[in-house]
Amino acid sequence: MKRIFFILLTLFAVQISSLAEDIHFDNEVYTLKYSSLAPTTNGYGNEYFKKYENVSNWTKMIGIYYYPNENNPIKYAEDFEKTVEKTDNSVLLKFIENKKADKAAISFLVNGCENAKKYFEYDIYKFEKHPTKGMLLLKHAVKHFFTNDNDINLIAQKVKENNDKYLEMIISSPIPPVIEKDIQLND
């Protein structure tokens, strides 16, 4: 009985890991570890994390979000930009839109705290039309933890130096297909 259970568990794990290809971004590998239908958008969100990281414990992640009822990525991105600018704990870095291609990208910082550790979350989002219906959002996020002003200055310098590079990488990256299945892996 234990052997059958182990075989079924192994097959299940192989099946989940084969649902999506790993994402390679900036010389790092990200694996799909979370997928769920979002009730507010009625679309799936897929979140990819580095090995040994997951939705509740991560330093870097890639997200792919499907918005089936949003048909104007430029307008959505412009509204998102306004929200970032109005939010007290965030700072807009750059907003780019390409009306001909119906795409936009944004980079910003969000100040947060996790387990009594302060951090800046550096986010880059790309908004583009879905091939058949709606809109896709591609997200790359990195948490930069800090303890003092020197750390903050180093983070600011690093983000400033690399922001254009990461924006270009996100803009030129194709958005992988959305996996429409509920998945939650904690490894």
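Residues numbered from 1 in each chain as written. Predicted model: local features only at pLDDT ≥ 70, side-chain atom pairs only at ≥ 80, totals over all residues. Heavy atoms only, no water.

(A) Layout of the nonpolar core. Counting 27 residues, the largest nonpolar core has Y48, I62 and I64 as its most contacted members. Contributions of two or more residues to this core are made by β1 (23–25), β2 (28–38), β3 (43–49), β4 (60–67), β6 (103–114), β7 (117–129), β8 (135–146) and α3 (149–172). With 5 residues, the top contributor of residues to this core is α3. Filtering out sequence-adjacent residues up to four positions away, I62 remains in contact with I23, F25, Y30, N46, E47, Y48, L138, K139 and H140. One finds W58, Y65, I106 and Y125 within the second-largest nonpolar core, a separate group that totals 16 residues. (Core = buried A, V, L, I, M, F, W, Y, C linked by side-chain atoms within 4.5 Å. Buried < 20%, exposed > 50% of the residue type's maximum accessible area, 1.4 Å probe, protein only. Helix = DSSP H or I, 4+ residues; strand = E, 2+ residues; numbered from the N terminus. Contact = heavy atoms within 4.5 Å.)

(B) Local environment of the layout of surface pockets. A volume near 180 Å³ is recorded for the second largest pocket. What lines the second largest pocket is a set of 14 residues, among which K60, V142, H144, K158 and Y166 lie closest to the centre. Of all the elements in the fold, those that place two or more residues in the lining of the second largest pocket are β2, β8 and α3. Here the lining of the second largest pocket is composed, by residue class, of 5 nonpolar, 4 polar and 5 charged. (1 Å grid on protein atoms, 1.4 Å probe; cavity = no way out; pocket = protein on both sides within 12 Å on 5 of 7 lines; lining within 4 Å. Points joined across faces, edges and corners; volume = space filled by probe spheres on them. Nonpolar A, V, L, I, M, F, W, Y, C, P; charged D, E, K, R; others polar.)

(C) Representation of the pairing of β2. With 3 bridges connecting them, β1 and β2 associate as antiparallel partners. Paired with I23 across the strands is Y30, a residue of β2. The hairpin turn running from β1 into β2, its antiparallel successor, is 2 residues long, and D26 in that turn takes a positive phi close to 55 degrees. The antiparallel hairpin formed by β2 and β3 contains 4 residues in its connecting segment, where N42 sits at a positive phi of about 60 degrees. Bridge count for β2 against strand β9 (residues 183–184) is 2 bridges, and the pairing is antiparallel. Residue pairing across strands places Y34 opposite Q184, the latter belonging to β9. (Pairing = 2+ DSSP bridges.)

(D) Quick look at the packing of aromatic side chains. Evaluation of the coordinates by the stated rule reveals 12 aromatic pairs. Ring centres of F80 and Y125 lie 5.1 Å apart, and the angle between their planes is 35 degrees; this geometry places the pair in the tilted category. Taken together, the residues span a long stretch of sequence, with F80 in helix α2 (residues 73–86) and Y125 in strand β7 at a distance of 45 residues. Y125 sits in the buried class, given a relative accessible area of 11%. With 5.3 Å between their ring centres and 75 degrees between their planes, F108 and Y125 make a pair best called edge-to-face. Of this pair, F108 sits in strand β6 while Y125 is found in strand β7, placing the two residues 17 residues apart along the sequence. In this structure F108 comes out as buried when scored by relative accessible area, which is 5%. One aromatic cluster is present, formed by Y67, Y76, F80, F108, Y125 and F127 through successive ring pairs. The ring of W58 is capped by K143, whose NZ or CZ atom sits 4.2 Å from the centre of that ring. Positioned over the ring face of Y166 is K165, at 4.9 Å from the centre of the ring. (Phe/Tyr/Trp six-rings, centres within 6.5 Å; stacked < 30°, edge-to-face > 60°. Lys NZ or Arg CZ within 6 Å of the ring centre and 35° of its normal.)

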